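Breakdown of the fold
What follows is the residue order along each chain.
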Amino acid sequence: MSHPASWQAPAIPPLAHDLTTALQARIDAKTKPPGSLGRLEDLALRLGLMQGTTRPVLTAPAVLVFAGDHGFARDGVSPFPPEVTPQMVANFLAGGAGINVFARLAGLPVKVIDAGVAVDLPPHPDLIDLKVRHGTRNALQETALTPDEVALCLDRGGQVVADLAARGCNAILPGEMGIGNSSAAALITSALLDIPLADCVGIGAGHDPAGHARKREILARVQARHPGVRDPLEALAAFGGCEIAMMAGAMLAAASRRMLVLVDGIIATSAALVAARLAPAMLDYAVFAHVSGDGPHRLAVEALGGRPLLDLGLRLGEGTGAALAWPLVRAAAGFLEEMATFEAAGVSERTGVAPQP
Ligand SMILES: O=C(O)c1ccc[n+]([C@@H]2O[C@H](COP(=O)([O-])O)[C@@H](O)[C@H]2O)c1
Ligand SMILES: Cc1cc2nc[nH]c2cc1C
């Protein structure tokens, strides 16, 4: 097992910038005024640069819902009890959660990964048991994860992606489920972006103003218990959780294989932030699906240079924003592959001047 102080992120190949001109020419040859597909054109270009081809294809994409529990979840940080984490896992596996609906509509399979749910879960064909521990330790009192547990989470996230890649997957949509994990995300984001904690604490699963104020106060105590954390591995150890660390490992492994990472909401973005601190080139393979309705998300996405595709006020997590954005990603690859060119369709190209009467 690798040790986190020395945990090495995988090497991430650079984007195929040498293909930029050829990709842009292919985009511009399609039967449309230049630039008229707006950000879908940027997305098509990026897919080509990621995959190192002028004809990118999306194969065997998968939603990965990483689930984990948090030691401080009973201390007032969430408006919901931690029992909801395994209850929602059962809901995912029964096909009844929001992510199941949106994934079905988008034609995406949903795999659930037990990264660190507090209770043992019954086996299920769509459940991958990679549990590192039964919930994190309580960060109000001690470090949430040991360095070895952090390394194990990162490695296991990589293992999930390696298994998918072996079956032809070249795009992942990581989501998460974990009562209390918006608190871990806030603590990580504040530590790694060096911005005040209060600016990073959202309403999570739906605090009222009094609950939100209490969450801020509790998290200030957690932060005071772990002063001076600035390093991504230290942040994961201090604050948890297993599902955030495993998502970060999955994102890094995906980028190392030139796979697209469609980033979901505020918790998935904290994992992307950790991943980017471990290997900045990960961001070349990340597309931000949406900006969450949980206020602080916007700040984190901007700090990572992301431009979210959707702004729907979603704050459900589970990968729902990513699943909803998936048809846009498919549209980008689809127009590049299937749209007729001016030449093939016999359509006249732009002359730059209006025809004279
Ligand atoms: O994706 C988001 O932006 C998002 C924002 C707030 C909450 N959530 C979800 O709500 C849960 C965390 O909320 P909380 O209040 O228990 O920390 C967790 O299961 C997340 O999937 C998700
Ligand atoms: C019901 C419920 C569903 C969720 N899905 C993701 N986070 C969640 C939090 C709650 C509380």
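A quick note: this is a predicted structure, and the numbers were derived from the prediction, not measured.

**Focus on the overall build of the protein chain**
Counting its regular elements, the protein chain contains 14 helices and six strands. For 357 residues, the compact-globule estimate of 2.2 N^0.38 gives 21 Å, and the protein chain sits close to it at 21 Å. Overall size of the protein chain, expressed as C-alpha extent along the three principal axes, is 75 × 40 × 40 Å. Restricting the contact set of the protein chain to residue pairs at least 6 apart, pairs at least 24 apart contribute 78%.

**Description of the UniProt feature "active site" (unreviewed entry) in the protein chain**
Here the UniProt feature "active site" (unreviewed entry) sits at Glu318. Take Glu318: it is sitting in the loop between helix H12 (297-303) and helix H13 (320-338). With near-sequence residues (within four places) excluded, Glu318 lies in contact with Val65, Ala97, Gly98, Ile99, Gly175 and Met177.

**Some words on the site of ligand 1**
Taken together, 23 residues lie around ligand 1, and Ser78, Gly204, Gly265, Ser292 and Gly317 are the ones closest in. Of all the elements in the fold, those that place two or more residues in the shell around ligand 1 are strand S4 (171-177), helix H6 (181-193) and helix H11 (266-278). With three residues, H6 is the largest single contributor of residues to the shell around ligand 1. In the shell around ligand 1, the residues fall into seven nonpolar, 11 polar and five charged.

**Remarks on the site of ligand 2**
Taken together, Phe80, Val84, Met88, Met177, Ala205, Leu316, Gly317 and Glu318 make up the full set of residues near ligand 2. Of the residues contributing to the shell around ligand 2, the split by class is six nonpolar, one polar and one charged.

**Focus: the sheet that holds strand S6 (residues 286-288)**
Spatially, the six strands line up as an open sheet ordered S3-S2-S1-S4-S5-S6, and their pairing is parallel. Of all strands in the sheet, those bounded by a partner on one side alone are strand S3 (127-129) and S6. Strand-to-strand twist across the sheet, computed as the mean angle between neighbouring axes with direction ignored, equals 25°. Note that strand S2 (residues 110-116) and S3 share three bridges and pair parallel. From the neighbouring strand, Asp114 faces S3, where its bridge partner is Asp129. Lying over the sheet, H11 contacts S4, strand S5 (260-263) and S6, oriented at roughly 120° with respect to S4.

**Examining helix H9 (residues 232-239)**
Counting buried positions over the eight residues of H9 gives seven, a clear majority of the element. Inspection of H9 places Pro232, Leu233, Ala235, Leu236, Ala237, Ala238 and Phe239 among the buried residues, and these make up the whole buried set. At its buried positions, H9 is contacted by helix H5 (147-166), H6, helix H10 (242-256) and H11. Positive backbone phi, at 80°, marks Gly240, one or two positions downstream of H9.

**Some thoughts on unusual backbone geometry**
The peptide bond linking Gly240 to Gly241 adopts the cis configuration, its omega dihedral lying at -5°. Take Gly241: it is sitting in the loop between H9 and H10. Even without a glycine there, the phi angle at Ala60 is positive, about 45°. Here Ala60 is to be found in the loop between helix H2 (38-51) and strand S1 (62-68). Given 14 C-beta atoms within a 10 Å radius, Ala60 is considered partly exposed.

**Focus: the environment of Pro147**
With respect to the helices and strands, the residue Pro147 is situated in helix H5. For Pro147, a count of 18 C-beta atoms within 10 Å corresponds to the partly exposed category. Along the primary structure Pro147 and Ala238 are separated by 91 residues, whereas in three dimensions their C-alpha atoms are 9.4 Å apart.

What counts and how
Residues numbered from 1 in each chain as written. Chains lettered and ligands numbered in written order. Predicted model: local features only at pLDDT ≥ 70, side-chain atom pairs only at ≥ 80, totals over all residues. Helix = DSSP H or I, 4+ residues; strand = E, 2+ residues; numbered from the N terminus. Rg over C-alpha atoms; globule rule 2.2 N^0.38 Å. Contact = placed C-beta atoms within 7 Å. UniProt positions renumbered as here; feature names shortened; annotations may be inferred. Near = placed C-beta within 6 Å. Nonpolar A, V, L, I, M, F, W, Y, C, P; charged D, E, K, R; others polar. Pairing = 2+ DSSP bridges. Axes fitted to C-alpha atoms, helices over the stretch in contact; angles between N-to-C directions. Buried ≥ 20, exposed ≤ 12 C-beta atoms within 10 Å, placed from the backbone.

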